[in-house]
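Descriptive analysis of the structure
So the chains spell out like this:
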Amino acid sequence: MLAGVIFDFDGVIVDTEPLHYRAFQTLLEPLGLGYGWDSYVADYLGFDDRDAFREAFRSRGVPLKEPELAALIQRKGEVFLEIIAAGVKPYPGAVELISGISGRLPLAICSGALRSDILPILEQFALESAFDIIVTADDVSVSKPDPACYRLTLERLAAACPGKGIAPESCIVIEDTPGGIAAALGAGIAVVGITTSYPAERLAGTIRIVASLSELTLDDLSLLV
Ligand SMILES: [Mg+2]
């Protein structure tokens, strides 16, 4: 029986990837390390900020020391906030599906974004209280596709919602990237894929694929596990 639902954030609830891309380029272009949108989709999507900066430097053979990395991550967070202050739109059906689950089943976000990126957007959608727990890049030391973030999400959701039967096999994850799917599967959780970022053939291993969250209700999800 379905006990809990875990949402990825970027590419599932909100289309922030173009905004993250713009924030990265704002910092990387002056360093001569900028890259195109196609490279972002092919090589960077699914990385958290830390690994995305590391890869941008590594792929050009430019050394990156920890203090410089920390400064870049902080500045990128500031630039991102400036960009989202202009207003962000949720994906169709996202607010409705989340509102339909919230308060009825344990509900979590497991994201490679920073907490400071996520909370202001949830506030814009009046969803700041909808989730029982939120696990972000701030909480783990390795990003998806490593399953650590999903393992931690299960652990914290079970602690926040005792007696609700939270276990890998009783939860569903909603993800948009191959790396995110690999992370959830690595933690033993079934995945519904959404084709917002990648075509269906790249979302192997999922138990269902949808083009939009407006195709899903809590009842649909309950039938999947
Ligand atoms: Mg995503």
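Residues numbered from 1 in each chain as written. Predicted model: local features only at pLDDT ≥ 70, side-chain atom pairs only at ≥ 80, totals over all residues. Heavy atoms only, no water.

**Thoughts on the coordination of the magnesium ion**
Those donors, Asp-8 (OD), Asp-10 (O) and Asp-176 (OD), are the protein atoms that reach the magnesium ion, and they lie 2.0 to 2.2 Å from it. Considered as a linear motif, the donors of the magnesium ion on their single chain read D-x1-D-x165-D. Highlighted residues: Asp-10 in the loop between strand E1 (4-7) and helix H1 (17-28) and Asp-176 in the loop between strand E4 (171-175) and helix H8 (178-186), separated in sequence by 166 residues. Assessed through its relative accessible area of 10%, Asp-10 is described here as buried. (Donors = N, O, S within 2.8 Å, 3.2 Å for Na, K, Ca; no water. Helix = DSSP H or I, 4+ residues; strand = E, 2+ residues; numbered from the N terminus. Buried < 20%, exposed > 50% of the residue type's maximum accessible area, 1.4 Å probe, protein only.)

**Observations concerning the domain arrangement of the chain**
Along its sequence, the chain is organised into domain 1 (4-15 + 88-222) and domain 2 (17-84). Taking only C-alpha atoms, the centre of domain 1 and the centre of domain 2 are 23 Å apart. At the junction of the two partners, domain 1 supplies 19 residues and domain 2 supplies 18 residues. Between domain 1 and domain 2 the total buried area reaches about 1400 Å² when both faces are included, carbon and sulfur atoms providing 53% of it. If you sort the residues of domain 1 by the area they bury against domain 2, Asp-15, Asp-117 and Ser-143 come out on top, with a joint share of 30%. At the junction of domain 1 and domain 2, the tally comes to zero salt bridges. One can count five residue pairs in polar contact (both at pLDDT 80 or more) joining domain 1 with domain 2. Taken together, the residues of the side of domain 1 that touches domain 2 sort by class into eight nonpolar, seven polar and four charged. (Domains from an automatic or database assignment. Contact = heavy atoms within 4.5 Å. Buried area = accessible area lost by both parts, 1.4 Å probe. Salt bridge = Lys/Arg side-chain N within 4 Å of Asp/Glu carboxyl O. Polar contact = N/O pair within 3.5 Å; in protein donor to acceptor, adjacent residues only side chain to side chain. Nonpolar A, V, L, I, M, F, W, Y, C, P; charged D, E, K, R; others polar.)

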